[in-house]
Every structure is written in C-alpha cells, then in structure tokens.
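# Results of the structural survey
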Amino acid sequence: MVQTNGRGKTDSLIRARGLDKTYRRGGEEIHVLRNLNLDVDRGDFVAFMGPSGSGKSTLLNLLGGLDVPTEGSITVAGDELTRMSGGRLTEWRARHVGFIFQMYNLIPVLTAFQNVELPLLMTNLSKAERRKHVETALGVVGLSDRMNHYPRQLSGGQEQRVAIARAIVADPTFLLCDEPTGDLDRKSADEIMLLIDRLVREHGKTVLMVTHDPIVADLADTTLHLEKGLLVESRESQGARAGGAA
Amino acid sequence: MKFRGLIFANLFRKKLRLVLTIGSFAVALFLFAFLSVVKSAFSVTGGAQAAGAGRLIVTGRAGLIQPLPFSHREKILRIPGVQAIGTKNWFGGIYQTEKNVFPQLAVDVDTQRQVYPELVVPDSEWQNFVKDRQGAIAGAATAKRFGWKVGDRIPIKNSLYGPTKTWEFNLDGIYHSAIEGGDESQFWFQWKYFDENLAATEHKVGWYIVKLEDPGEADRVAKAIDAEFANSSDETKSGTESAFQANFLKQLGNIELIMVTIGVVVFFTLLFVTGNTMAMSVRERIGELAVLKAIGFTDRSVLSLVLQESLSIAIIGGVLGLGLARLAIPLMSKALGTIVPRALVLSPSVLVLGLVVALIVGAVSGFVPGMNAMGMRVVTALRRV
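Residues numbered from 1 in each chain as written. Chains lettered and ligands numbered in written order. Predicted model: local features only at pLDDT ≥ 70, side-chain atom pairs only at ≥ 80, totals over all residues.

### Regarding the overall build of chain B
Scanning chain B from terminus to terminus reveals 15 helices and 12 strands. Looking at chain B as a whole, 38% of its 385 residues are labelled buried. (Helix = DSSP H or I, 4+ residues; strand = E, 2+ residues; numbered from the N terminus. Buried ≥ 20, exposed ≤ 12 C-beta atoms within 10 Å, placed from the backbone.)

### Here's the deal with the interface of chain B and chain A
Taken residue by residue, the interface counts 21 residues in chain B and 18 residues in chain A. Among the secondary structure elements, those contributing two or more residues to the side of chain B that touches chain A are helix H1 (4-11), helix H12 (286-294) and helix H15 (378-383) of chain B. Broken down by element, the side of chain B that touches chain A gets its largest block of residues, 6 residues, from H12 of chain B. Considered class by class, the residues forming the side of chain B that touches chain A number 11 nonpolar, 6 polar and 4 charged. (Contact = placed C-beta atoms within 7 Å. Nonpolar A, V, L, I, M, F, W, Y, C, P; charged D, E, K, R; others polar.)

### Structural notes on the sheet that holds strand S6 (residues 97-100) of chain A
By way of backbone hydrogen bonds, the strands of a sheet pair with one another, either parallel or antiparallel. Residue and element names in this part refer to chain A. Taking strand neighbours across the sheet as the criterion, the 6 strands line up as S6-S7-S8-S3-S9-S10 in an open arrangement whose pairing is mixed. The open sheet is flanked by S6 and strand S10 (230-236), the only strands paired with a single partner. Across the sheet, the mean angle separating the axes of adjacent strands is 20 degrees when strand polarity is ignored. Across 6 bridges, the pairing between strand S9 (residues 222-227) and S10 is antiparallel. What sits directly across from Thr223, in S10, is Arg235. With respect to the sheet, helix H6 (residues 186-201) is in contact with strand S3 (45-49), strand S7 (174-178) and strand S8 (206-210), its orientation differing from that of S8 by roughly 150 degrees. (Pairing = 2+ DSSP bridges. Axes fitted to C-alpha atoms, helices over the stretch in contact; angles between N-to-C directions.)

### Some details on the nonpolar core
Val46, Ala165 and Val207 of chain A are the most contacted members of the largest nonpolar core, which has 91 residues in total. By size, the runner-up hydrophobic cluster in this structure holds 40 residues, among which are Leu56, Val115, Leu171 and Tyr208 of chain B. (Core = buried A, V, L, I, M, F, W, Y, C linked by C-beta atoms within 7 Å.)

### A closer look at the confidence of the model for chain A
Of all residues in chain A, 96% attain a pLDDT of 70 or more, and the chain-wide mean is 90. Contacts for the low-pLDDT stretch residues 240-246 of chain A, under 50 throughout, to residues beyond four places or in other chains number 11 contacts. (pLDDT = per-residue confidence, 0-100.)

### What about the packing of helix H2 (residues 15-41) of chain B against helix H11 (residues 255-284) of chain B?
Residue and element names in this part refer to chain B. Put simply, H2 and H11 touch, their axes get as near as 10 Å, and they point 165 degrees apart. In terms of orientation, H2 lies roughly antiparallel with respect to H11. Between H2 and H11 the crossing geometry is left-handed. Residues Arg17, Thr21, Ser24, Phe25, Ala28, Leu31, Phe32, Leu35, Val38 and Lys39 of H2 form the contact with H11, whose own contacting residues are Ile255, Glu256, Met259, Ile262, Gly263, Val266, Leu270, Val273, Thr274 and Thr277. Per-class residue counts for the contact of H2 with H11 are 12 nonpolar, 5 polar and 3 charged. (Parallel < 35°, antiparallel > 145°, perpendicular 65-115°, else oblique. Left-handed = near helix turned anticlockwise from the far one by under 90°.)

### Quick look at the environment of Phe34 of chain B
All names here are of chain B. Mapped onto the elements of the fold, Phe34 is located in helix H2. On the neighbour-count criterion, Phe34 (22 C-beta atoms within 10 Å) is buried. Considered as a pair, Phe34 and Val350 are 316 residues apart in the sequence and their alpha carbons are 9.5 Å apart. Those residues in contact with Phe34 that lie beyond four places of it in its chain are Ala325 and Ile329.

Here is the structure:
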C-alpha cells in the first residue's frame with residue numbers, strides 16, 4: 001500500500017523521508033522536490049503524473065540511486081541509499097533496480113540477446129547461466145524468436161520489450177519506468193502496458209512509473225500527482241487490482 | 001573476456017573510422033621503425049661501438065686530408081699497449097657511374113685481418129687476395145648491389161691521384177661482418193698496388209688503425225702516439241674508432257637529432273589523432289555509457305571498456321605497421337644501398353619498443369575519454385539520449 005504521509009510501515013520496500021532536491025542554476029536555487037515522503041510496499045504498481053518540471057523524473061532518479069537528494073533519506077529493502085558511496089550505489093543498482101526508459105536506450109550494435117545480457121556481465125554467472133537467464137527474459141516479453149535481431153531490425157514496441165527483458169533479466173527488486181510508452185503508438189503502448197502489468201500481477205514485481213498518459217496511469221494501483229516538487233494528490237485506481245490491464 | 005562482444009561491436013561501429021585510425025597507427029609505427037633503423041645506421045652503437053673501442057684511428061693533425069708518412073708505422077708499433085697496426089688510404093674512384101658510391105680503401109694486407117677480426121673473409125679467398133697484387137675484397141652488401149662474384153674483374157676510374165686512369169682489380173673474395181648491421185660496403189685492395197701506382201715520392205698512408213692490447217688503455221696510448229710526433233712535420237691526432245666514426249658522421253649533419261625530432265612529431269601527432277578519435281567515439285556514445293552505468297556497470301568497468309577499445313586499435317595498428325616495416329626495411333635497405341653508412345636492420349628491440357610506444361599511445365588516448373566517461377553523471381548523460 002502506497003503512503004505519502006510519512007507514516008508508512010517500517011518494513012515498506014521503499015521508504016523515502018523528507019526528500020528535498022535542489023539544483024543551482026546560475027545564482028538561483030531551484031527546488032525540484034520539497035519534503036517528500038513516500039512508502040511503497042512490495043508488489044505495488046505506482047504511477048507518477050504531473051506537468052513537466054514537477055519533479056517526477058528526479059524522484060525516479062533518486063529512488064533508483066542515480067542521483068542523491070539534497071536532504072532526506074531513502075531506504076530500499078533495508079539499504080539506506082543516501083549513506084552509500086558511488087561504487088556501492090552502482091552495485092546496489094545492479095542488484096535491485098531494473099530501468100525502463102522512454103527511448104528504450106538499447107545499444108544499437110548489439111543484438112537483442114546481447115542487450116539483455118548486459119546487466120549479467122557484471123555478475124559471476126557463467127556463460128551458460130547467462131544464456132539461460134537471457135532466454136527466459138526474452139521468453140517473458142515474447143521475443144524468443146528475435147534474440148539475434150539488432151535494434152534497427154525491430155519495431156519500437158519490440159525494442160521496448162527488449163528493454164523490459166534487460167530490466168528484468170537480473171531479477172531486480174523493483175522496476176523504474178520513465179515514460180515507457182512515451183515514444184510508442186497506442187497499440188504498441190497498450191502491449192507494453194499489458195506486459196508491465198503482467199510483471200506486477202504474475203511475477204510480483206514492484207513497479208514505479210512516470211507517465212503523462214492517464215490511460216497508462218490508470219493501470220497502476222496508485223497514481224501520485226506532483227506539482228512544483230510536492231505530492232499534491234494520491235489516487236487509488238479502481239480497475240487495476242480487480243481486473244488487471246485487460 | 002565477458003566484455004569481448006561489447007568491445008568488438010563498439011570497434012566495428014564505424015568501420016571507416018576504425019580502418020583510418022588503425023591505418024594512422026600502422027603508418028606511424030612504420031615510420032617509427034624506419035626512423036629508428038636509419039638513426040641506428042647513422043650512429044655508432046652496439047657491436048660496432050664495442051669493436052671500435054678496441055681500436056685507435058691515427059690521422060694527420062689536420063684530419064683525413066693530411067696523409068701520414070709510412071715511416072710512422074714502426075714508431076707507433078713500439079709504443080706500449082699497441083698490439084697491431086693497419087693502414088688505410090681513401091681511393092675515391094668511380095665504378096661505372098658517379099652514382100655508384102661506396103668506400104674503396106687501400107689496406108695493409110699483412111695486418112688487416114688482425115686489426116678487423118669482425119670483418120670475416122674465408123681463408124682461401126684471403127690467400128688468393130694476398131698473392132694477387134691487383135686483388136680486391138668486397139663487402140657482401142656492395143658485391144650483392146653490383147652482382148659481383150669472386151673472379152670478376154672490376155674496373156674503377158680515379159682522378160684523385162694524378163691524371164684520370166682506370167684501375168683494374170680482381171675480385172678475390174667477399175667479406176661479411178660478424179656484427180649484426182656491421183659495415184659490409186667497403187672495397188679493399190692492396191696498399192702496395194696503390195702505392196706503386198703513385199709517384200715514387202708518395203709512400204703515404206691516409207690514416208693508421210691501431211689495435212690495442214687493452215681497450216681501457218685507449219686514452220693513454222692515443223696521447224703517447226700524439227706525443228711521439230709532436231713538433232714534427234707530420235703531427236698526429238689520435239682517438240678511438242668510435243669517436244672517429246661519430247665525428248665523421250657528424251659531418252653529414254646531426255642525423256640523430258633529425259630522426260628523433262621527426263619521431264617525436266610523429267608520436268605526438270599520432271597521440272592527438274587517436275586521442276581525438278577516441279574522445280569523439282566516447283562522446284558519441286555518452287548516452288549508451290550512461291545506460292551501462294545505470295544498469296550496474298562500475299566506473300572501472302566503463303574505463304576498462306574504453307581502454308580496451310583504444311588498446312585493441314593500438315595493438316592491431318602497431319602490429320600491422322611493424323609487420324610492414326619488417327617486410328619493407330630489407331627492401332629499402334637494398335634500394336638505399338650505400339647512401340646509408342650501414343645496412344638498415346630492424347632489430348627485435350626496435351619491434352618491442354615500437355609495440356610499447358603503440359601501447360602507451362593507445363593507453364593515453366583511451367585514458368582521458370575513459371576517465372571522462374567514468375566521471376560523468378549518469379542523470380546528466382541520460383538526458384542527452
């Protein structure tokens with residue numbers, strides 16, 4: 001259950017307290033996030049919405065360990081991110097976070113298989129084990145027959161599915177999706193959302209997603225609205241838990 | 001090894017650029033090898049230097065232009081520390097055309113082999129030479145250059161000693177240098193044949209070569225020789241053969257400095273070209289590297305990826321360039337003939353040094369963009385995708 005009042009359970013998967021993020025541009029201080037509290041439980045599917053510059057992506061970056069808050073703390077599965085060094089944070093990301101980007105961000109000179117294998121290259125898995133994991137991940141996203149294709153040989157929807165396979169191949173604790181359907185047509189967007197929804201419902205994944213699309217956001221269990229760095233509204237989805245994406 | 005696929009794919013991302021970068025490495029390393037061997041050919045080093053340290057060259061005080069009387073020979077031989085003494089006269093003749101330059105020297109047959117043990121002539125050929133007043137011995141390089149073989153008659157025109165006249169020589173033998181890269185360009189003939197064809201009053205030698213009992217005594221013996229003839233009409237100037245050769249080569253200009261300067265310019269040009277190429281390649285992929293870091297690649301593994309790419313280019317280009325040099329330098333040496341003082345020899349040490357240079361350039365050119373990639377902020381870089 002998602003909570004934003006700072007009174008969540010102590011065993012929440014993700015626990016953010018008093019998050020503040022300030023940038024300095026020229027001589028001016030820009031407050032991107034202000035005193036934000038958030039508790040997310042394992043298996044939750046949370047969507048963040050809000051106008052551009054409201055702090056959605058910054059929040060996602062902080063929760064994913066890509067950036068550090070100016071103030072406040074973030075604890076994920078018992079690990080306090082704000083106390084970790086850069087190197088430890090990288091290792092932590094490899095173990096706990098799967099990233100799905102708007103522009104897919106696949107390496108164009110690598111095949112789908114090689115792209116999905118990338119996160120496993122930093123592990124101690126043998127080549128055979130890596131292959132097994134990659135094949136499983138590509139199977140989950142329905143691209144077993146495209147594993148030797150290069151990104152340029154795939155459609156946008158297929159590229160994003162490869163990116164999803166890359167995000168789940170190391171079995172991370174949670175997935176961070178930054179506008180995963182922002183570059184796709186409606187049909188492909190629906191397919192991708194069905195897939196993400198399946199990851200939550202069938203595989204128990206925790207997903208935090210930034211989106212501008214209310215239809216997409218409606219699939220999440222909870223939609224949080226941000227404005228000028230503040231969480232202004234929290235809304236439970238009616239249909240998601242009951243009927244899923246279909 | 002796990003990154004091999006990624007490195008390989010990145011290398012072949014832009015094939016033309018890869019070919020051009022490897023090409024620039026290959027050309028630079030070829031130049032490096034070529035300049036190194038030319039520099040060696042123009043400097044007195046290694047075996048030649050060691051051999052030269054055991055010999056003194058005694059010239060007239062004014063230098064090679066001032067011949068010395070034959071009578072100095074016995075006086076020098078009496079000086080303690082002198083083991084043997086040889087003589088040489090510069091002939092300066094023309095074989096067929098003026099382009100065919102090679103050193104022709106009138107030598108003392110009695111002591112030549114004792115003074116120059118590293119220049120090897122088969123005994124039977126040497127015996128024929130000693131017996132033949134018009135006999136000659138040619139260095140293997142010169143014999144090969146003109147296609148001479150033992151038994152050939154070699155006419156050499158000369159106008160330095162009186163009216164122009166063609167001297168006829170019988171090629172009795174061919175010498176080889178026991179030292180790698182040693183001089184195999186000389187053409188020797190008997191001093192007696194030379195002397196008897198000059199005016200009766202000559203009996204002069206161009207310079208003396210003194211073989212020392214102990215190379216460590218070179219300075220003392222040289223001073224003793226010069227003191228022996230001080231205040232005479234034929235004063236001498238003595239020094240080690242190595243110093244004499246070095247001074248002689250200096251007259252050709254400071255070849256070593258020119259070679260080193262060109263080498264340094266090539267090195268830095270290569271460094272800037274490859275550094276710029278690597279930096280460009282990393283800049284183009286900054287978003288991809290940011291993704292790698294986001295999904296768990298450590299800073300060190302990103303640096304390692306970039307370094308391995310640049311080192312791969314350096315090794316491939318270096319091996320190509322040095323391989324080409326290995327094939328081409330013997331051919332170039334043949335083509336240059338006696339324009340260079342010694343044959344161009346590409347030694348293993350030059351190959352190793354070349355590879356080390358390639359690796360240093362590869363490492364430095366990959367290190368700077370690699371460090372930039374390592375230090376980039378993932379969030380900032382991802383915004384550029």
